[in-house]
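Coordinate inspection notes
Below, each chain spelled out in residue letters.
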Amino acid sequence: MLVTSRSYAEYEAMFDLKELPESVLDCSGGGSSFTAEAAARGVDAIAVDPAYELAPAELVDTVRRSLPAGNGIVDEHQGSFVWHWYGEPARRDEMRIDAADRFLQDVTTSPERYVPGSLPDLPFPDRRFELVLCSHLLFTWADTFDRVWHLAALRELVRVADSEVRIFPLVIQGAGESVPFLPDVLAELDGVTCEIRKVPYEFQVGADEMLVITRT
Ligand SMILES: C[S@@+](CC[C@H](N)C(=O)[O-])C[C@H]1O[C@@H](n2cnc3c(N)ncnc32)[C@H](O)[C@@H]1O
């Protein structure tokens, strides 16, 4: 799996963020600059990812290698992507490179913000974060992780969230098929409400919705 580098601006659009609460978890953070940029805005922002176990040089190499590799998925499925949000491919490349640079700088200067860990067992106490964001892991990789894993991962994200979990996108990577078990796993969650909400971002055709899970 690629360790990709989306920017704060992409997160803002994918999750339709207006204001950030006091504490936010990015699961999984990968090489994203979201945590660095949220922290610069005064937010208690933490990212978790199994890639943060890597030695620093290996992490740099993995993040850098994921930049062109991410474009390979787009090239293989050209008809499945639209460019109205980015404007043109060069703008997306520029955002990714800037985000990777910002991430790599922040992980060096503020390593405490980057916690090694994997779903479905996160190393945080119950309700640690007001908001938990999950970009391009659940549902995107439904061809790799099965229904049982997704249910356990969703329960874990809810466990560490005090208020809300937001997940984007809700389709499988590449061609963007829908996830057959999505309604079933949501029906199995207790003590929450689930809402599928339109967002002002689209890259994979039709992937313009996020899942919002709120504690009741
Ligand atoms: C496609 S990247 C997304 C990174 C970032 N959120 C973004 O949008 O650019 C997926 C990330 O999930 C991480 N990952 C893989 N397996 C995981 C697991 N079981 N639990 C948590 N994260 C995992 C990978 O290391 C990778 O960084």
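Note that this is a predicted model, so its numbers are computed, not measured.

We now examine the side chain of Arg6. Mapped onto the fold, Arg6 is located in the segment before helix H1 (8-14). The buried charged residue Arg6 lacks any salt bridge, with Glu10 as its nearest oppositely charged partner at 4.9 Å. Ignoring anything within four residues of it in the chain, the contact list for Arg6 reads Tyr11, Met14, Ser32, Ser33, Phe34, Arg96, Ala99, Ser135 and His136.

Now for the site of the ligand. Residues in close proximity to the ligand total 19 residues, the closest being Tyr11, Ser28, Asp49, Leu119 and Ser135. Contact between the ligand and Asp49: an oxygen atom at 2.6 Å from a side-chain N or O atom of the residue. With the chains in place, 92% of the 600 Å² that the ligand exposes on its own is no longer accessible. Taken together, the residues of the shell around the ligand sort by class into nine nonpolar, eight polar and two charged.

The UniProt entry lists residues 97-161 under the feature "domain: Methyltransferase type" (unreviewed entry), expressed in the numbering used here. Taken end to end, residues 97-161 is 42% helix and 15% strand, and its two terminal C-alpha atoms sit 30 Å from one another.

Now for helix H5 (residues 147-160). If you check H5, its first and last C-alpha atoms are 20 Å apart, about what 14 residues at 1.5 Å a residue would give, namely 20 Å. Inspection of H5 places Trp149, His150, Leu151, Ala153, Leu154, Glu156, Leu157, Val158 and Val160 among the buried residues, and these make up the whole buried set. For H5, the secondary structure elements touched by its buried residues are strand S1 (23-27), strand S4 (129-135), strand S5 (161-168), helix H6 (182-187), strand S6 (192-198) and strand S7 (209-215). Sitting at the amino-terminal end of H5 is Asp146, which places a side-chain oxygen 3.2 Å from the backbone nitrogen of Val148.

Pairing of side chains with opposite charge becomes possible as their charged atoms draw close. Evaluation of the coordinates by the stated rule reveals 14 salt bridges. Across the pair Asp44 and Arg128 runs a salt bridge whose closest N-O atoms are separated by 3.1 Å. You can see Asp44 sitting in strand S2 (residues 44-48) and its partner Arg128 sitting in the loop between strand S3 (114-115) and S4, a full 84 residues away along the chain. The exposure class assigned to Asp44 is partly exposed, which follows from its relative accessible area of 31%. We note a salt bridge from Asp208 to Lys198, for which the minimum N-O separation is 3.3 Å. Remark: Lys198 occurs in strand S6 and Asp208 occurs in the loop between S6 and S7; sequence separation between them is 10 residues. Linked by salt bridges that have partners in common, Asp126, Glu156 and Arg159 make up one network.

Cut-offs and rules
Residues numbered from 1 in each chain as written. Predicted model: local features only at pLDDT ≥ 70, side-chain atom pairs only at ≥ 80, totals over all residues. Heavy atoms only, no water. Helix = DSSP H or I, 4+ residues; strand = E, 2+ residues; numbered from the N terminus. Buried < 20%, exposed > 50% of the residue type's maximum accessible area, 1.4 Å probe, protein only. Lys, Arg positive; Asp, Glu negative; His and termini not counted. Salt bridge = Lys/Arg side-chain N within 4 Å of Asp/Glu carboxyl O. Contact = heavy atoms within 4.5 Å. Near = heavy atom within 4 Å. Polar contact = N/O pair within 3.5 Å; in protein donor to acceptor, adjacent residues only side chain to side chain. Areas by Shrake-Rupley, 256 points an atom, 1.4 Å probe, with all protein chains shown as cover. Nonpolar A, V, L, I, M, F, W, Y, C, P; charged D, E, K, R; others polar. UniProt positions renumbered as here; feature names shortened; annotations may be inferred. Expected span 1.5 Å × (residues − 1).

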